[in-house]
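The primary structure of each chain is shown beneath.
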Amino acid sequence: MARPLKILFVSPEVQPFAKTGGLADVAGALPPALKALGHDVRVMLPKHRSVLSAGVPLSPLGLEVTAKTGDQTRKGFIYQGTLPESVPVYLLENDSYFLRDPLYGTREGDYPDNAERFIFFCQAILESCLALRFIPDIIHLNDWPTGLVPVYLKTLYRKAFSATRTVFSIHNLGYQGNFPPATLSQAGLPPGLFHPGGVEFYGQFSFMKAALVYADLLTTVSPTYCREIQTPAFGFGMDGMLRARGKDLHGVLNGADYHRWDPAHDPWIAENYGPKKLKGKEACRKRLEERFALDIMPQRPIVGMITRLSQQKGLDLVMQVMDDLLATGAGFVLLGEGGALYEEYFRRLGSHPRAGVAIGFDEPLAHQILAGSDILFMPSGYEPCGLTQMYAMKYGTVPLVRAVGGLKDSVREFQAKSGSGTGFKFRHEEKADCLRALDKALSLYRNKAAWRRLRLAGMAEDFSWTRAAEKYNRLYLKALRT
Ligand code: ADP
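Residues numbered from 1 in each chain as written. Predicted model: local features only at pLDDT ≥ 70, side-chain atom pairs only at ≥ 80, totals over all residues. Heavy atoms only, no water.

Q: Can you break down the overall build of the chain residue by residue, with the values?
A: Helix and strand counts for the chain come out as 18 helices and 20 strands. Relative to its length of 482 residues, the chain is compact, with a C-alpha radius of gyration of 23 Å against a globular reference of 23 Å. The C-alpha extent of the chain, read off along each of the three principal axes, is 70 × 45 × 40 Å. For the chain, the residues scored as buried account for 60% of the 482 residues in total. Residue pairs in contact within the chain that sit at least 24 positions apart in sequence constitute 70% of those at least 6 positions apart. Carbon and sulfur atoms make up 52% of the accessible area of the chain, which amounts to about 19,100 Å² in all. Put simply, the chain has 58 plus and 48 minus side-chain charges, and the middle of one group is 5 Å from the middle of the other. (Helix = DSSP H or I, 4+ residues; strand = E, 2+ residues; numbered from the N terminus. Rg over C-alpha atoms; globule rule 2.2 N^0.38 Å. Buried < 20%, exposed > 50% of the residue type's maximum accessible area, 1.4 Å probe, protein only. Contact = heavy atoms within 4.5 Å. Areas by Shrake-Rupley, 256 points an atom, 1.4 Å probe, with all protein chains shown as cover. Lys, Arg positive; Asp, Glu negative; His and termini not counted. Charge placed at Lys NZ, Arg CZ, Asp CG, Glu CD.)

Pasting the structure below:
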């Protein structure tokens, strides 16, 4: 490699310290893959309450930073942990802002002080770099809670970071961090930035917009989502802005972390297995059937879902097809938490003899459902990348997905004639289209040899992070030329 870069990777959640979804998986796996390329990579996140129960050693660095929200000066303290490849992880402590669980809000809604919490975080990131005497070549930012860093670098912190470039990754454009206009002064930013070419988004102050305007390079997590967000149907009002920055916007498909997600050495499943020893998968299925006392008809699959219960995940469609699905004699298992109405629906569904439902966040159970199911169902309305379908393939669990975003890019449609492909896809967010795909999957399931081939094709796919890390490496070099 040409020269090792100093890279600070910033995310509001990082596995194993704090997690609500796929972003944490990415932030826990991409930095070690970048370090393996020879870079000096460090990671930063808030010290959330869940960090305390994560069981990972932390030590205080004895460094204090201050940041201003409005006219209040707030203190933060830096702790250090590590990720694989000895990647240092800096955790920013401020208990009044971050000693909370869940991370962003409760079922009733987002925390009312989220703007203030993440203004503090964004400033404290830069203050921490100064305190640590670590001036990065690249700051790689992820999702709206980190979105003010690019604008700070172009304004208040310009001098100290004149050679630093920012890369901002969109993991989900549906979460934008939009707040009242007064947030601008709370962030200490010049009033002149509040216009549609700056941080204003339809009369509000937007963290996401700030990142999209001021970051040197933009990325998102799959090539298809990269195209989709430049259209009104998927752009959440930001598509015009994204089209305008089209030449700076790149789609890089996420990887899967096979250290954590591999049935050959997964500590949480009933029996380890792999492509040469598929028998263990039967034991995993049996354990899942027992756990939820599922009364499945012979020769029928278990259809599994592990998901945030948010509208994005196509749950309305799931509800529409559920009667038909269960009427086939197949089993259905879901692990998820989120929207109160969805929780209510699935809780009730759990009393059906062929359905098993767990409401909550449960890492071991997520692995057990992946290993014990035959089909993973992801009928998402939109899906920036989606990791669960990648993990499913590794576990020999055949994905049935809607052909959007990263689902379209990572699942290859099964072809009856040649027997090639890794899963089933449908296009339209409609009951009939979805049922057609389900029907195809259920009939193929009865053909043991064909199903086995399909399973093995998925298990042979390689979504490891090295390939994505090399792409980010090239993008960092591009950002440094801007
Ligand atoms: P998203 O990031 O939109 O939530 P992804 O498919 O990219 O979707 O990633 C979801 C990640 O979160 C996976 O690692 C999945 O196993 C995990 N996950 C989602 N819901 C739960 C849950 N209720 N309990 C445990 N893990 C969950």
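Q: Tell me about the site of the ligand, residues and numbers included.
A: The environment of the ligand is formed by 21 residues, the closest being Gly22, Arg308, Lys313, Gly360 and Thr388. Glycine 22 is positioned such that a nitrogen or oxygen atom in its backbone is 2.6 Å from an oxygen atom of the ligand. Between the ligand and glycine 360 there is a distance of 2.8 Å, counted from a nitrogen atom to a backbone nitrogen or oxygen. For the ligand, the protein covers 94% of the area, taking 570 Å² as the surface of the free molecule. When contributions to the shell around the ligand are tallied by element, the ones reaching two or more residues are α1 (22-36), β15 (302-309), β16 (331-338) and α14 (388-394). Ranked by residue count, the leading element in the shell around the ligand is β15, at 3 residues. Composition of the shell around the ligand by domain shows at least three residues from each of domain 1 (6-255 + 465-480) and domain 2 (279-459). (Near = heavy atom within 4 Å. Polar contact = N/O pair within 3.5 Å; in protein donor to acceptor, adjacent residues only side chain to side chain. Domains from an automatic or database assignment.)

Q: Any details on the nonpolar core? Residues and values, ideally.
A: Membership of the largest hydrophobic core comes to 131 residues, with the highest contact counts inside it found for Leu148, Tyr152, Phe168, Ile170, Leu173, Leu212 and Leu242. For this core, the leading source of residues is helix α4 (residues 114-132), giving 10 residues. Counting contributing residues per domain, this core is built from domain 1 (6-255 + 465-480) and domain 2 (279-459), each supplying no fewer than three. When neighbours within four sequence positions are excluded, tyrosine 152 is seen to be in contact with Ile119, Cys122, Gln123, Leu126, Tyr157, Arg158, Ala187 and Leu189. With 36 residues, the next largest nonpolar core counts Leu315, Met322, Leu442 and Ala450 among its residues. (Core = buried A, V, L, I, M, F, W, Y, C linked by side-chain atoms within 4.5 Å.)

Q: Describe the sheet that holds strand β12 (residues 204-206), listing the residues and the values that go with them.
A: Ordered by their spatial adjacency, 3 strands build an open sheet running β10-β12-β11, and the pairing between neighbours is antiparallel. What marks the edges here is a single partner per strand, and that holds for β10 (178-179) and β11 (200-201). Note that β10 and β12 share 2 bridges and pair antiparallel. Each bridged residue has a counterpart across the sheet, and for phenylalanine 179 the counterpart in β12 is phenylalanine 205. The sheet strands contacting helix α7 (residues 207-214) are β10, β11 and β12, and the helix crosses β12 at an angle near 55 degrees. (Pairing = 2+ DSSP bridges. Axes fitted to C-alpha atoms, helices over the stretch in contact; angles between N-to-C directions.)

Q: Any chance you could break down the packing of helix α16 (residues 431-445) against helix α17 (residues 448-459) for me, citing the residues and the numbers?
A: Relative to each other, α16 and α17 sit at 115 degrees, their axes nearing to 7 Å. The angle between α16 and α17 places the two elements in the roughly perpendicular class. Between α16 and α17, the contacting residues are Ala441, Leu444 and Tyr445 on the first element and Lys448, Ala450, Trp451 and Leu454 on the second. For the contact of α16 with α17, the class distribution of residues is 6 nonpolar, no polar and 1 charged. (Parallel < 35°, antiparallel > 145°, perpendicular 65-115°, else oblique. Nonpolar A, V, L, I, M, F, W, Y, C, P; charged D, E, K, R; others polar.)

Q: Go over the environment of proline 16, please, and point to the residues and values.
A: The residue proline 16 is located in the loop between β1 (6-10) and α1 in this model. A C-alpha to C-alpha distance of 23 Å links proline 16 and leucine 63, two positions 47 residues apart in sequence.

Q: Which residues make up the side chain of threonine 219, and what values go with them?
A: Tracing the sequence through the fold places threonine 219 in strand β13 (residues 217-220). A distance of 2.6 Å separates the side chain of threonine 219 from the side chain of serine 169, its partner in a polar contact. With residues up to four places along the chain from it excluded, the contact list for threonine 219 reads Val167, Phe168, Ser169, Ile170, Leu249, His250, Tyr472 and Leu475.

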